[in-house]
Amino acid sequence: MSNAILRASALPKSGPYPTLDPFLFCVYHKDAYPADVTGKGEFVHRGNGADFDPNADYRMYHGDHIPGFPQHPHRGFETITATIDGIVDHADSLGNAGRYGEGDVQWMTAGKGIVHDEMFPLLDKPNHTRFFQIWLNLPRQAKMVSPSFAMFWANDVPIWKAEDGLAKVTVWAGHYFGIGEGEQNKPPPDSWATDVENDVGVQHIEVQPGGKMVLPKANNSKSNRSMYLIEGADGQVKVDDKSVSEKVCLTLDATKDVSIELPATAKEATEFLVLQGKPIDEPVVQHGPFVMNTQSEIRDAFMDYQRTQFGGWPWPRDDMVFPKDKGRFALVDGKETYPDGGKKSKDEL
């Protein structure tokens, strides 16, 4: 027995998961949005401005008639939106935009300041979303870099599969399961993840009944590693030969391999998220959407935003969404691209 589990803590029913340096924040979104019935892509009812009810089929979050997070600022870190199911719309103060989901990954460096929205559009068929919103910190020397935006389409995201097909790992970031530098998508240039020595990894693990696999030890022995059991906590899955019976955050010894095994008698698959990386090991001062190293820098961020609006909002509405019949796309620096290099119709969303 490797004793790779250092500690376990139950996950909150809603809200952010606990994270370790270099990560700041992680939320698992799971919402079953119905099909649009108004023809306008909006709900008839109005959100309360802060709808995070964990017992509801879906949440409006900060949305009014469209669920999601209308325009808001960030400074000093990066957002990684890693999708499993459903569709998300993005727009930002640089004029970049996108409609993405179904395994796509959006990676945005806020740097010295950006404003963006993240909305969950009502489409002609139900939009059942499952994705992670992850904040990755920036080191002191990169907190005031120019913002940047990248989209990694699902077909370009590396996936490892066990020979028997009963386990797979979607490697959203990092160099594991035989995925070398040339096979992995490149993070934005100023990201902590750009240097492979920092060993930043973001992985989605899915094990079917009867499946087993090994999460290999970290490439950097100094890395922090957390593993979150997000689905299939029926008490049968074994991690490091220990049964896990609830949705938990497992803090792992990154220097050790970790076995995962799900008996064939399990009723459903078990899913995990893995976050890991070498810690930045700098002071973290956070106030709302700003993450800096000192209180003085936080005050500067608020003043800069009040003065400049981080470039302003170039879109016609604060909760910007795109036409229902528009497929997945990314608009970056004025150039629009699509999955597989071609435009997707609404039937392919």
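The rules behind the values
Residues numbered from 1 in each chain as written. Predicted model: local features only at pLDDT ≥ 70, side-chain atom pairs only at ≥ 80, totals over all residues. Heavy atoms only, no water. Helix = DSSP H or I, 4+ residues; strand = E, 2+ residues; numbered from the N terminus. Rg over C-alpha atoms; globule rule 2.2 N^0.38 Å. Buried < 20%, exposed > 50% of the residue type's maximum accessible area, 1.4 Å probe, protein only. Contact = heavy atoms within 4.5 Å. Lys, Arg positive; Asp, Glu negative; His and termini not counted. Charge placed at Lys NZ, Arg CZ, Asp CG, Glu CD. Core = buried A, V, L, I, M, F, W, Y, C linked by side-chain atoms within 4.5 Å. Pairing = 2+ DSSP bridges. Axes fitted to C-alpha atoms, helices over the stretch in contact; angles between N-to-C directions. Polar contact = N/O pair within 3.5 Å; in protein donor to acceptor, adjacent residues only side chain to side chain. Phe/Tyr/Trp six-rings, centres within 6.5 Å; stacked < 30°, edge-to-face > 60°. Lys NZ or Arg CZ within 6 Å of the ring centre and 35° of its normal.

Participant: Teacher, can you tell me more about the overall build of the chain here?
Facilitator: Broken down by element type, the chain carries one helix and 24 strands. Relative to the globule expectation of 20 Å for 349 residues, the C-alpha radius of gyration of the chain, 20 Å, shows essentially globular dimensions. The burial tally for the chain puts 54% of its 349 residues in the buried class. Long-range pairs, those at least 24 residues apart, make up 74% of the contacts in the chain with a sequence separation of at least 6. Counting 36 positive and 50 negative side-chain charges, the chain places the averaged centre of each group 1 Å from the other.

Participant: Before we go on, may I ask you to explain the nonpolar core in this structure?
Facilitator: Across soluble globular proteins, nonpolar side chains show a tendency to be buried alongside one another. Of all hydrophobic cores here, the largest spans 29 residues; its most connected members are Ile-205, Met-213, Leu-215, Met-227, Val-239, Ile-260 and Phe-272. Mapped onto this core, the elements with two or more residues apiece are strand 12 (167–173), strand 13 (201–207), strand 14 (212–215), strand 15 (224–231), strand 18 (248–252), strand 19 (258–261) and strand 20 (270–277). If we ignore the near neighbours within four places in the chain, the residues touching Ile-205 are Lys-168, Val-169, Met-213, Leu-215, Met-227, Ile-260, Thr-270, Glu-271, Phe-272 and Val-274. Ile-80, Leu-136, Ala-173 and Ala-193 belong to the second largest nonpolar core, which has 28 residues in total.

Participant: Would you take a moment to explain the sheet that holds strand 4 (residues 77–85) for this structure?
Facilitator: In a beta sheet, neighbouring strands are held together by backbone hydrogen bonds and run either parallel or antiparallel to one another. Ordered by their spatial adjacency, five strands build an open sheet running 2-9-4-7-10, and the pairing between neighbours is antiparallel. Bordering the open sheet on either side are strand 2 (23–33) and strand 10 (148–152), each of which pairs with just one other strand. When the angles between neighbouring strand axes are averaged without regard to direction, this sheet yields 15°. Judged from the five bridges that link them, strand 4 and strand 7 (residues 105–109) form a sheet pairing that is antiparallel. By the bridge assignment, Thr-81 is partnered in strand 7 with Gln-106.

Participant: Would you explain the sheet that holds strand 24 (residues 335–337) in this entry?
Facilitator: Ordered by their spatial adjacency, six strands build an open sheet running 3-8-5-6-23-24, and the pairing between neighbours is antiparallel. Only two strands of the sheet have a single neighbouring strand rather than two, namely strand 3 (68–74) and strand 24. The sheet shows a mean angle of 20° between the axes of neighbouring strands, direction not considered. With three bridges joining them, strand 23 (residues 329–332) and strand 24 adopt antiparallel strand pairing. By the bridge assignment, Ala-330 is partnered in strand 24 with Thr-337.

Participant: Looking at this structure, I do not really get the side chain of Asn-127. What am I missing?
Facilitator: By secondary structure assignment, the location of Asn-127 is in strand 9 (residues 127–137). For Asn-127, the side chain forms a polar contact with the main-chain nitrogen of Ile-87, separated by 2.8 Å. Setting aside anything within four residues of it in sequence, one finds Asn-127 in contact with Asp-31, Ala-32, Tyr-33, Pro-34, Gly-86, Ile-87, Phe-120 and Pro-121.

Participant: Would you take a moment to explain the packing of aromatic side chains for this structure?
Facilitator: Aromatic ring pairs are described here by two measures, namely the spacing of the ring centres and the angle between the planes. Overall, the coordinates contain 21 aromatic pairs when judged by the stated rule. Aromatic pair Trp-107 and Phe-152: ring centres 6.3 Å apart, planes at 70°, arrangement edge-to-face. You can see Trp-107 sitting in strand 7 and its partner Phe-152 sitting in strand 10, a full 45 residues away along the chain. As far as burial versus exposure is concerned, Trp-107 and Phe-152 are alike and both buried. Consider the rings of Phe-120 and Phe-131, whose centres lie 5.5 Å apart with planes at 50°: the pair is tilted. Here Phe-131 lies in strand 9 and Phe-120 lies in the loop between strand 8 (114–119) and strand 9, a separation of eleven residues in the sequence. Judged on exposure class, the residue Phe-120 and its partner Phe-131 are both buried. Each residue in the set Tyr-33, Phe-43, Phe-52, Tyr-58, Tyr-61, Phe-69, Phe-120 and Phe-131 is aromatic and connected to the rest through ring pairs, giving one cluster. A cation over an aromatic ring shows up here: Lys-326 above the ring of Phe-329, its NZ or CZ 4.4 Å from the ring centre.

Participant: Please explain unusual backbone geometry as it appears in this structure.
Facilitator: Leaving glycine aside, a negative phi is the common case for residues, and trans is the common case for peptide bonds. With an omega of 20°, the peptide bond between Asp-21 and Pro-22 qualifies as cis. Phi at Tyr-61 is positive, roughly 55°, even though this residue is not glycine. Phi angles above zero are rare outside glycine, and Asp-281 is one such case at about 60°. As for its position among the elements, Asp-281 is in the loop between strand 20 and strand 21 (285–287). The exposure class of Asp-281 is exposed, given its relative accessible area of 68%.

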